[in-house]
Amino acid sequence: MADRKLRIATCSLAGCFGCHMSLLDIDERILELAQHITFDRTPLNDVKKIGPCDVGIVEGGVCNAENVHVLKAFRRNCRILVAVGACALTGGVPAMRNNVDLWDCFQEVYQYGGGIEDGQVPNDPELPLPFDKVHPVHEVVRVDLSLPGCPPPADLFWKVLTDLVAGRTPTFDRTLVHYD
Amino acid sequence: MSGRTFTLDGQPVPFTEGETVMEAALAAGVYIPHLCYRPGYGHHGSCKVCTVAIDGHNAASCTTRAREGMAVETATPELADMRRALVEMLFVEGNHTCPACEKSGECELQAVAYHIGMAAPRFDFFFPARDLDASHPDVILDRNRCILCELCVRASRDVDGKNVFAIGGRGIRARLIVNAASGRLGDTDLAKDDAAVRVCPVGAILRKGDAYTKPVGQRTFDLRPIAAVAIEEARRERERRRG
């Protein structure tokens, strides 16, 4: 069993993919990691549907109905759910719209913002239903581990993933913790 | 050699008559996490982050006078849990968006949260609607980040002699108010060099034009943890008082 690769899924909800970029910032260590892990659904391989996994890594907060479906699928399928980054942990910068009326926000972005001509608020039925507030991940599902940072440093991803690969409970010291 | 002492986690700590547990601990080089206490300012005892167990009973160390022979505990798992819960509640009660805050790296709420090992608040976020007052030419007041520590109230009243700030309202409606009929900071006699501006432990009262002048990695709490900064600050205040 020790040789079995750890199966990992990742997603970005209301995030900027900065956390995913920070994960990739482990640089050449990714070659070593690749010997011990395999990716399930992740934007890195463009697989859209999640299957049973050991670890789910969730970036971003919850800003629309699709985010909830993805997040709940992650929780159902992942033994260990890891929330990463300020947006997943606190709502982050997207949650700064939480005290702005949603319609005012849309109009500012799509109709009245600088450089827009004949702007319209998108209303395609395929677009996910936006929520009036952006929520952190832990308000929707149980989270097993939180990695703070905007983004969490590459060394924090490395420490936690190598702990998980080795079957240890992940720990990290204060020097790897920054909320910004 | 006949000085008075109490014990702090079993170690003897000397004190002089009238000193608080917090003051004696800092003088002995022991950091007790705190937010509303600041050396040189009147004691307030509102944040409760500095709560310690004194002979088995919890009390705020910043408002409790040291007594001969008292047994004080601070580094217990129970107190650590309680402090973490208190700080997490402060984070969810306001709008503390560290990645978008000019005070990040200089913020004591953030630094205390690092010290007590908070990865993320466990509670649901309030996302309260709070005002931002940019009416003053040199100072901005962002109530989203205010933790109601009253340090600015004390600084303005006791150091600046101006009484610019007060806390108005009760409970969840409590908020920082300013001493002007209009309610606007720009209509007060606050000046950018006032102690009330400098003393804010969070990003609620900020000087305009000072944001992001220190690069990430060079900010106060990038370089040193808050424990070292607070012990140093207390030492400077003791030297200032001795003259």
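That block above? That's the structure.
Summarised in this report is the structure supplied together with it. Here the structure is a predicted model, which is why all the values come from computation and not from measurement.

Residues and elements named next belong to chain B. If you add up the space inside the largest pocket, you get close to 1,100 Å³. Forming the walls of the largest pocket are 45 residues, and the residues nearest its centre are Lys103, Glu106, Val197, Arg198 and Thr220. When residues of the lining of the largest pocket are traced back to their parent elements, those giving at least two are helix H5 (195-198), strand E10 (205-207), helix H6 (220-223) and helix H7 (226-242). Here the lining of the largest pocket gets 8 residues from one element, more than from any other, and that element is H7. Here the residues of the lining of the largest pocket sort into 21 nonpolar, 6 polar and 18 charged. Here the lining of the largest pocket spans two domains, and each of domain 1 (4-82 + 225-242) and domain 2 (130-212) adds at least three residues to it. As a volume, the second largest pocket reaches approximately 570 Å³. Along the wall of the second largest pocket there are 21 residues; nearest its centre are Glu93, Ile147, Leu148, Gly171 and Ala174. Per-element accounting of the lining of the second largest pocket gives the leading share, 4 residues, to helix H2 (residues 77-93).

Residue and element names in this part refer to chain B. Reading across from one edge, E6-E7-E10 is the order of the 3 strands in this open sheet, with antiparallel pairing throughout. Each edge of the open sheet is held by one strand with a lone partner, namely strand E6 (132-133) and E10. Summarising the sheet, E6 and strand E7 (residues 139-142) pair through 2 bridges and their orientation is antiparallel. The residue of E7 that forms the bridge with Leu132 is Asp142.

Moving on, we come to unusual backbone geometry. The phi angle of most residues is negative, glycine excepted, and most peptide bonds adopt the trans form. Cis rather than trans, the peptide bond between Cys150 of chain A and Pro151 of chain A has omega equal to -5°. Within the secondary structure, Pro151 of chain A is located in the loop between strand E7 (145-147) and helix H6 (154-165). One non-glycine residue with positive phi stands out, namely Asp9 of chain B, at about 50°. For Asp9 of chain B, the location among the structural elements is in the loop between strand E1 (4-8) and strand E2 (11-15).

Calculation rules
- Residues numbered from 1 in each chain as written.
- Chains lettered and ligands numbered in written order.
- Predicted model: local features only at pLDDT ≥ 70, side-chain atom pairs only at ≥ 80, totals over all residues.
- Heavy atoms only, no water.
- 1 Å grid on protein atoms, 1.4 Å probe; cavity = no way out; pocket = protein on both sides within 12 Å on 5 of 7 lines; lining within 4 Å.
- Points joined across faces, edges and corners; volume = space filled by probe spheres on them.
- Helix = DSSP H or I, 4+ residues; strand = E, 2+ residues; numbered from the N terminus.
- Nonpolar A, V, L, I, M, F, W, Y, C, P; charged D, E, K, R; others polar.
- Domains from an automatic or database assignment.
- Pairing = 2+ DSSP bridges.

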